[in-house]
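Notes for the structure review
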Amino acid sequence: MPENNNPDALLEVIHLTKYFPIEEGFLRKQVGAVKAVDDVSLYINEGETFGLVGESGCGKTTLGRCIVRAIDSTSGSIYLKLDTGERLDLSRMTNKELREVRKHFHMIFQDPYGSLDPRMTILDIVGEPIRNNNLATGDEVIEMVKSLLNDVGLEIKHLNRYPHAFSGGQRQRIGIARSLAPRPSLIVCDEPVSALDVSIQAQILNLLEELQEQYNLTYLFIAHDLAVVEHIADRIGVMYVGKLVEMASTADLYSQPLHPYTEALLSAVPSTNPDVKMERIILPGEIADPSSTPTGCYFHPRCPYAQELCAEETPQWKEVAPEHYVACHYAEELELKGVELQY
Ligand code: SF4
């Protein structure tokens with residue numbers, strides 16, 4: 001994807017990398033690096049949900065944390081478009097500049113137990129970003145918190161309770177209310193349902209969809225499998241060892257995957273149609289070590305279609321069909337199996 005290809009997108013990430021140095025010895029000499037995010041470019045349009053998928057350790061959470069500037073990226077750009085049309089490069093901002101714009105983006109965490117301060121009441125937890133961003137004072141804050149609790153399906157009587165009094169699903173609702181408080185345009189949802197019971201997962205996904213419409217939100221939705229994002233995502237990016245290997249609309253990615261790793265992930269999505277028998281592709285070996293990546297295509301030691309070139313040359317990121325990007329030498333030649341969308 002060429003630089004600044006999508007100036008109208010709400011979020012555009014260009015050639016982003018995050019390397020964690022590996023240091024050794026008394027003088028902490030750098031002897032290597034963990035390539036957690038390795039030259040990732042993607043864009044998310046206003047009002048859409050972008051699903052980011054990959055095995056545990058592939059760098060998707062690190063990418064999300066770089067985008068909301070919870071950690072600094074090593075290189076690359078992160079453009080966020082404001083309501084005014086102004087495009088900010090978050091990656092270049094100082095902490096002082098970031099304080100002014102933090103209200104525009106927020107992150108919801110996987111662990112609803114660990115992400116809420118147990119010593120704060122719900123009023124304080126949800127009211128804090130309202131006060132910090134000078135959006136209201138005094139009784140107005142209480143009214144705004146009540147309205148937010150109502151929007152996420154919690155009762156007003158919960159206002160003065162502490163997080164330990166709530167179930168996992170309710171705590172995630174509190175986390176969502178807190179993230180909505182400063183009226184952000186972008187929310188990064190880091191596996192927000194994976195710690196919840198299956199019966200609660202659908203409720204939270206439905207709530208996120210309702211709030212998206214009500215608050216005109218754009219989501220980056222991080223998940224470790226395609227089954228969860230199928231329900232909610234308009235477009236999907238697939239990550240493998242710090243790299244984005246495929247990006248397309250949910251419909252195209254499901255019906256016509258162009259990367260062998262996507263095909264393997266799709267083969268693990270359970271079908272609700274009893275007539276459809278999908279043969280699960282079991283990949284050999286383990287996901288590569290991001291501190292010692294394979295030569296050429298990082299996926300080649302596990303790829304059922306690998307050829308000599310795959311171990312020698314890094315495949316280029318290219319647009320093979322409209323809005324369908326992939327990094328595979330043989331994307332145009334392989335005939336990979338997709339699956340039927342179930343939603
Ligand atoms: Fe497989 Fe080669 Fe394509 Fe990599 S470049 S996904 S190893 S076919």
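Going by the structure above, here's the rest.
My aim in this report is to walk through the structure given alongside it, one point at a time. (Residues numbered from 1 in each chain as written. Predicted model: local features only at pLDDT ≥ 70, side-chain atom pairs only at ≥ 80, totals over all residues. Heavy atoms only, no water.)

**With respect to the nonpolar core**
Core analysis: the biggest nonpolar cluster contains 61 residues, and Ile-176, Leu-180, Leu-211, Leu-226 and Ile-236 have the highest contact counts within it. The element best represented in this core is helix 6 (residues 198-215), accounting for six residues. When we break this core down by domain, the ones giving at least three residues each are domain 1 (11-233) and domain 2 (251-314 + 329-343). Apart from the residues within four sequence positions on either side, Leu-211 is in contact with Asp-151, Val-152, Ile-176, Leu-180, Asn-216, Leu-217 and Tyr-219. Listed in part, the 36 residues of the second largest apolar core include Tyr-43, Val-101, Met-107 and Leu-220. (Core = buried A, V, L, I, M, F, W, Y, C linked by side-chain atoms within 4.5 Å. Buried < 20%, exposed > 50% of the residue type's maximum accessible area, 1.4 Å probe, protein only. Helix = DSSP H or I, 4+ residues; strand = E, 2+ residues; numbered from the N terminus. Domains from an automatic or database assignment. Contact = heavy atoms within 4.5 Å.)

**A look at the state of the cysteines**
Counted by the stated rule, this structure contains zero disulfides. With no disulfide of its own, Cys-66 lies closest to Cys-58 among cysteine sulfurs, the gap being 13 Å. Using a relative accessible area of 0% as the deciding quantity, one classes Cys-66 as buried. No disulfide involves Cys-189; its sulfur sits 16 Å from the nearest other cysteine sulfur, which is in Cys-58. (Disulfide = S-S within 2.5 Å.)

**Details of the pattern of salt bridges**
Within the structure shown, the criterion is met by 13 salt bridges. A salt bridge links Lys-157 to Glu-155; its shortest N-O distance comes to 3.3 Å. A relative accessible area of 55% places Lys-157 in the exposed class. A relative accessible area of 43% places Glu-155 in the partly exposed class. (Salt bridge = Lys/Arg side-chain N within 4 Å of Asp/Glu carboxyl O.)

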